Amino acid sequence: VELSSAKRGRGRVLGNPVFAAALALLTAMLFCWPFVRMPPLSLGHAYLHLFGSWAMLILALWRIARQLGRLPRADRRPR
Amino acid sequence: MTSASVVIAVVSAYVGLLCLVAIWVERQERRGRRVAGNAFAYTLSMAAYATTWTYYGNVGFAASTGFSFLGVYLGPTLLALFWWQVLRKMVRIKNTHRVTSLVDLLSLRYRRSQSVAMLGTVALLLVLIPYISMQLKTMIATVSLLAGYDPSRAYPAIGRDVGPPLVLLMILSTIVIGIRRLKPTERHPGMVVVLAAEGVLKLVGILAAGAFVTYGLFRGFGDVFHRAGRAGLLPGLLGRDGSLTTILSMAAESMLGFLLLPHMFQVAVVENSDERHIRTAMWAFPSYMLAITLFVLPIALGGLLLGYPASSADSFVLSLPYGARARGLSWLVFLGGFSSGGGMVVVETMTLATMVSNHLLLPATALWRPLARLRRHLLVARWCAAATIIITAFAYERAFGSQYRLVSIGIVSYTAMLMFAPAILGGLYWRGASTAGSVTGLCAGFATWAYTMIVPEFIRAGWLPRRLLTDGPAGLSALRPEALFGLSWLHPIPHAVFWILVSSLLAFVFGSLLFPEATEEVARAERIIQVLEPQRPRHAQVPQRALAEAAEKRARVVRLFSQYFGEPAAERIADSCLAKVRAGASDWLSPLQLATLEAEVETTLAASVGAAEAHAAVQRLVLVTATEARAISSAYARILAALKVPPTELRRRIDYYRERERLLAREAAAQRFLAGVSGRLAGSLDMETTGRAIVHLAVPRLADSALLWLLHTEAPRLWFAHADSSRERSAIAALTSSLPLVPHACLSRAMESRRPVIHSSEAPDGWPAGLFEAAPFSGHATFPLLAGGQVLGTLTLFLSDRSRFRVSDDLALGEELAYRSALAVENAALFRKAENAVRARDEFLAVASHELKTPLTPLQLNLQSLQRLAAGRRLSKLPEEQLEEILRRIVRQVRRLAGLVDELLDASLITVRRPRLNLESMDLGATVRDVIDRHQSELAQAGCTLSAAIATGVVGRWDRFRTEQVVTNLLTNAMKYAPGPIEVSVAAEGEIARLTIRDRGPGIADADQRRIFLPFERAASYLRTSGFGLGLYVVRQIADAHGGDVRLQSVPGQGSTFIVELPRNLPAERSAARPGACPGS
């Protein structure tokens, strides 16, 4: 019972727009980091960092989309 | 080398293929087959976002600003996190109000104002024509490159030759793919599939080019980056011209641009067929963007490392494979690039043409009467608008194309879209947003965009004095276009983005606060804002007085729609609007129905001409007169006055009571209907009457027409009903002519799944064509008729308005009707069976009397004769032989009587319980031979010739007496009904012994084959042959008691074959379960 309620809780977090906003902020910071860092990253490392961060965000989007499909209708409403 | 004309020919063939695909998809969709309605087609169609800017321009941008290009893709990816809230809301509004474009949404939100729509359309035309010209410029340049010219030298001159055919191609493809017909719902499945296909091609093209450069010309990513680092090609990660603020500002504008660019609004909102597709697009579209930008930097750096000039970096994607003589790859890359430009041009032009026709031309027709005819030629007007837009874009390209790079034009257009952000997004979430606020926001944003982005370009082109840029107008340095109010530290792009957003937002907010909307308009806006909240009922079915004649309103509605569509289409749409308010043409409309009808007409028209024009057209029509408007207000006022509560509570209560009353009214109507169904079905037990009653009960309450198909009668039967008796006759004739009816797939599916099956189709699609012509429908629901665990048939309800199937109440009512119909059909079938049984009993009594009387008469005569002899004392004088003969005859008649009685007794015993078996080991062949020997004389008398093929050693454990009875019954049957040659065979097959008796008689009809094994049933008439009709019944009972089977194979005119199969050893559990069996005896 505890596990399923924990899963439900995680599901609601993923479907929460506030979580999406926080994730957007975190991703924006991750994207900006190679350009503000001193000394600057090499081209190859910067490339890996930027596309890697992008891929991670896509993974998160996939999880969120999947969770939105499972949430009961009331939880899918924007708050 | 390939000539330019060959390239144009190939491109024409490619575009022609895409047009054919679009036409094919739309045909399939009209037949009810969904080709475009899936999440991946929807996602891939969003690839229209990747224009030539992405395909070619990114590389040019990356060559000078490094990773800055990523900002354009970071924005939409971050926005994807909120699609479920924002994009879904837009889609829901589009579905509810049938929005056709971005400007349509704007006007819908703001008082359905034509002024707002006009302003938005003009602004978009000014902003987007350069964007379309950018695509044309790229297409011309790449055609010249593939034709062997150096674009830097050949362009712009080559555009004189290549441009016109390309422009013509774009105009034709826009018309064929996007605006071939005027649709009640502005969705274009053909265009979606074409965009999806183009999306795949351009992804494959750029990935192939990237892989070729990275791994073909270099040794992978590491090699390219290492060499570029050593050569110092990219100082820092953002080159000489890039900055972090540029990335962030581009991310912000692309985030908003993704939603607000008209072609993206078209594919993401208008073309969305299912809100659930957004969930897939949330992750799939960012993945697409990641893939398409994966090789941008390696290609840019690779081109520079190979010595190509940075000024031609825009064409590196094509020039690098072409320079390396990879011709096949060059063609692939070229077609990918052409798709990225062509797709955008088609969608953008189509949306702009729709806006021009709906928001500029149609309002003009209202202002100037001679133009009123244009309404009937809306489609042609759109074609002309599309052609004008593309030709203007081409003219723009000719005038300015050589002066600007791809990215410059793209960014200028993109940035302009920011002016729409406060009005659109603010309007979706802020109740206080007003029309004045949106107009001031748009004007302020447009002015700031022109001042910060266009004026500097004019200055650089030499059309305005340079000091304006350095000193500001009249020496006011605070007003310098690229350093407004001293923000000189910002790059020009983030500077413009910042000021456009600030100015349009402030103007929008202050305009809305200073000039708020009226209360009624706020309430309407609230309905749009709360579109994601659970739907409220549109109107209640409360009893109200009749206000207006539906026929008169219908005539007005038809007149309105006729201005835009043909007369027949107008009549059809008008009927559909009346059906939505649940009123017939001969009904009277209540105040609420009239109000709903007006809203429905406006929404329906909005789908074709936009919300603003639809509103204006309905106002011009005067569908609701002033008196009627007052009556509607009074109706609302009466409801309001009755509930003395605060406004919010009032709304809640109204919703609650309306819903409750609607449900109660529906439930009461449903109960009345079902009570009528039961009464009507109970009225008769005749199958014909019941079938006719079922189909007529469903029409028109539940459907426009109904078809009942019954399987469990002697032969499949069907009944059909339609509201219009002449159509009913035609449909029945069509059904009758196509008998035997091949069951539609839905009928089979309903019977297999035992659940209702709903099917939408506007074509015969498996039904007889004549049925569809006589009684057209757009969908049907098929219900299985279930009774006693058996499927008796199906009831199919045909509807012209398929949306009725979505009403669960109607579906439930249909199921209930099917359930009651099944019971009625079963009762009728049982009644027919009982009638048959009574008939069989009466016939049996007649026959039994006759059969028993036949031996009694000679017996009586013989006894009377003896009596007379005894009375005359002549008995002793009778010769002994004569006396013996009389006694023999008496005994024979008594035996015959006893035989008949035994046969009856045996049959009745078998009926009551299974026959007792005395099992013993015996040879079936020997038994059959004995029986044949005993009947030799009877066979000869009947004129039968018997041939026997009896195998030896067919030994098993059977009841000898019962087995003989089986053989005797079958043999006497053959003698009685089929005098002639008889073949008897006995054979063993494994554990089965098989007895076959075949005759060459008249055979038995299919309909009688099952019946003759029932008691007292015979195929032949009682008058022609004697017997009780029990022989075959007894045979079947005995075979069954032995665990065996009896089968009949017969074709009328070719004789009959009876096959009896007996297991050679009765299974132990069977004999144990049979109390009468005597194991081991």
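Residues numbered from 1 in each chain as written. Chains lettered and ligands numbered in written order. Predicted model: local features only at pLDDT ≥ 70, side-chain atom pairs only at ≥ 80, totals over all residues. Heavy atoms only, no water.

Structural notes on the pattern of salt bridges
Residues and elements named next belong to chain B. Within the structure shown, the criterion is met by 29 salt bridges over all chains. One salt bridge connects Arg554 with Glu571, and the closest N-O pair in it is separated by 3.6 Å. Residue Arg554 is found in helix H25 (residues 550-562), and its partner Glu571 is found in helix H26 (residues 567-580); the two are separated by 17 residues along the sequence. A relative accessible area of 34% means that Glu571 is categorised as partly exposed. The partner of Arg994 in a salt bridge is Glu1061, and the shortest N-O contact between them spans 2.8 Å. On the criterion of sequence distance, the pair formed by Arg994 in strand E12 (residues 992-999) and Glu1061 in strand E14 (residues 1056-1063) is long-range, its members being 67 residues apart. Accessibility expressed as a relative area gives 17% for Glu1061, which makes it buried. Shared partners join several salt bridges into a network, and the residues in it are Glu552, Lys553, Arg556 and Glu628. (Salt bridge = Lys/Arg side-chain N within 4 Å of Asp/Glu carboxyl O. Helix = DSSP H or I, 4+ residues; strand = E, 2+ residues; numbered from the N terminus. Buried < 20%, exposed > 50% of the residue type's maximum accessible area, 1.4 Å probe, protein only.)

A closer look at the confidence of the model for chain A
Residues and elements named next belong to chain A. Per-residue confidence for chain A gives a mean pLDDT of 78, with 72% of residues at or over 70. Mean pLDDT per element in chain A: helix H4 (residues 73-76) is the minimum at 45, and helix H3 (residues 43-70) is the maximum at 90. Segment residues 73-79 is flagged for pLDDT under 50; beyond a separation of four residues in sequence, or across chains, it makes 16 contacts in the model. (pLDDT = per-residue confidence, 0-100. Contact = heavy atoms within 4.5 Å.)

Digging into the nonpolar core
Of all hydrophobic cores here, the largest spans 197 residues; its most connected members are Met46(B), Phe67(B), Trp83(B) and Phe420(B). Not counting residues up to four positions away in its chain, the partners in contact with Met46(B) are Trp83(B), Leu87(B), Phe258(B), Met264(B), Val267(B), Ala268(B), Ala281(B) and Phe285(B). (Core = buried A, V, L, I, M, F, W, Y, C linked by side-chain atoms within 4.5 Å.)

Remarks on unusual backbone geometry
A cis geometry characterises the amide bond from Met38(A) onward to Pro39(A), with omega recorded as -10°. With respect to the helices, strands and loops of the structure, Pro39(A) is situated in the loop between helix H2 (17-36) and H3. Backbone geometry at Arg98(B) places phi at a positive 55°, although glycine is not the residue there. Topologically, Arg98(B) is positioned in the loop between helix H5 (86-97) and helix H6 (102-109). Phi at Arg754(B) is positive, roughly 60°, even though this residue is not glycine. Here Arg754(B) falls in the partly exposed class, since its relative accessible area comes to 41%.

Focus on the interface of chain B and chain A
When the parts of a complex come together, some accessible area is lost, and that lost area is often taken as the interface size. Listed by partner, the interface residues are 37 residues for chain B and 34 residues for chain A. Both faces considered, chain B and chain A share a buried interface measuring about 3,100 Å² in area, 83% of it formed by carbon and sulfur atoms. The interface formed by chain B and chain A includes 0 salt bridges. The element that contributes the greatest number of residues to the side of chain B that touches chain A is helix H14 (residues 277-293) of chain B, accounting for 8 residues. (Buried area = accessible area lost by both parts, 1.4 Å probe.)

Comments concerning the environment of Ile411(B)
All names here are of chain B. Within the element layout of this structure, Ile411 appears in helix H19 (residues 406-416). When the C-alpha atoms of Ile411 and Trp53 are compared, they prove to be 9.4 Å apart, with 358 residues separating the residues in sequence. Residues within four places of Ile411 in sequence aside, it is in contact with Trp53, Phe61, Met250, Glu253, Met453 and Ile493.

Notes on a nonpolar patch on the surface
All names here are of chain B. Together, Trp430, Leu506, Phe510, Leu513, Leu514 and Phe515 line one region of the surface with nonpolar side chains, adding up to about 650 Å² of accessible area. Tracing the chain through its elements places Leu506 in helix H23 (residues 492-514). Judged by its relative accessible area of 45%, Leu506 falls in the partly exposed class. (Patch = residues over 30% accessible without salt bridge, like charges linked within 9 Å, V, L, I, M, F, W, Y side chains within 5 Å. Areas by Shrake-Rupley, 256 points an atom, 1.4 Å probe, with all protein chains shown as cover.)

Describing helix H24 (residues 519-529) of chain B
Residue and element names in this part refer to chain B. Residues Glu521, Arg524, Ala525, Ile528 and Ile529 constitute the buried set of H24. Around the axis of H24, the buried residues are gathered within 145° of arc, so they sit on the same side. Those residues of H24 that are exposed and angled more than 90 degrees off the buried face are Thr519, Glu520 and Arg527. Those residues of H24 that are buried lie in contact with H5, H6 and helix H20 (421-429). (Arc of directions from axis to C-beta.)

What about the packing of H6(B) against helix H7 (residues 114-146) of chain B?
All names here are of chain B. Packing of H6 against H7 leaves a shortest axis separation of 8 Å and a crossing angle of 155°. Judged by the angle between their axes, H6 and H7 are roughly antiparallel. You can see that H6 and H7 cross each other, and the crossing is right-handed. On H7, the residues that touch Leu102, Val103, Leu106 and Ser107 of H6 are Val116, Ala117, Gly120, Thr121 and Leu124. Grouping the amino acids of the contact of H6 with H7 by side-chain chemistry returns 6 nonpolar, 3 polar and no charged. (Axes fitted to C-alpha atoms, helices over the stretch in contact; angles between N-to-C directions. Parallel < 35°, antiparallel > 145°, perpendicular 65-115°, else oblique. Left-handed = near helix turned anticlockwise from the far one by under 90°. Nonpolar A, V, L, I, M, F, W, Y, C, P; charged D, E, K, R; others polar.)

Quick word on the sheet that holds E14(B)
Residues and elements named next belong to chain B. Spatially, the 5 strands line up as an open sheet ordered E9-E11-E12-E14-E13, and their pairing is mixed. In this open sheet, the two strands that pair with only one neighbour each are strand E9 (945-950) and strand E13 (1045-1050). Across the sheet, the mean angle from the axis of one strand to that of its neighbour is 15°, orientation sign disregarded. As judged from the 6 bridges shared by E9 and strand E11 (residues 981-989), these two strands associate in the parallel manner. Note on E11: the bridge partner recorded for Ala949 is Ser985. (Pairing = 2+ DSSP bridges.)

Re helix H18 (residues 378-400) of chain B
Residue and element names in this part refer to chain B. For H18, which comprises 23 residues, the first-to-last C-alpha distance of 32 Å matches the rise-based estimate of 33 Å (1.5 Å per residue) to within 8%. Every buried residue of H18 is accounted for by Leu378, Ala381, Arg382, Ala385, Ala386, Ala387, Ile389, Ile390, Ala393, Phe394 and Glu397. Looking at the buried residues of H18, the elements they touch are H7, helix H9 (159-178), helix H17 (327-367) and helix H27 (591-609). (Expected span 1.5 Å × (residues − 1).)

What about the pairing of strand E5 (residues 757-760) of chain B?
Residue and element names in this part refer to chain B. Side chains Val757 and His759 of E5 all project onto a buried face; the interleaved residues Ile758 and Ser760 project onto a face where none is buried. Here E5 runs beside strand E6 (residues 779-787); their pairing, made up of 4 bridges, is antiparallel. What sits directly across from Ser760, in E6, is Gly779.

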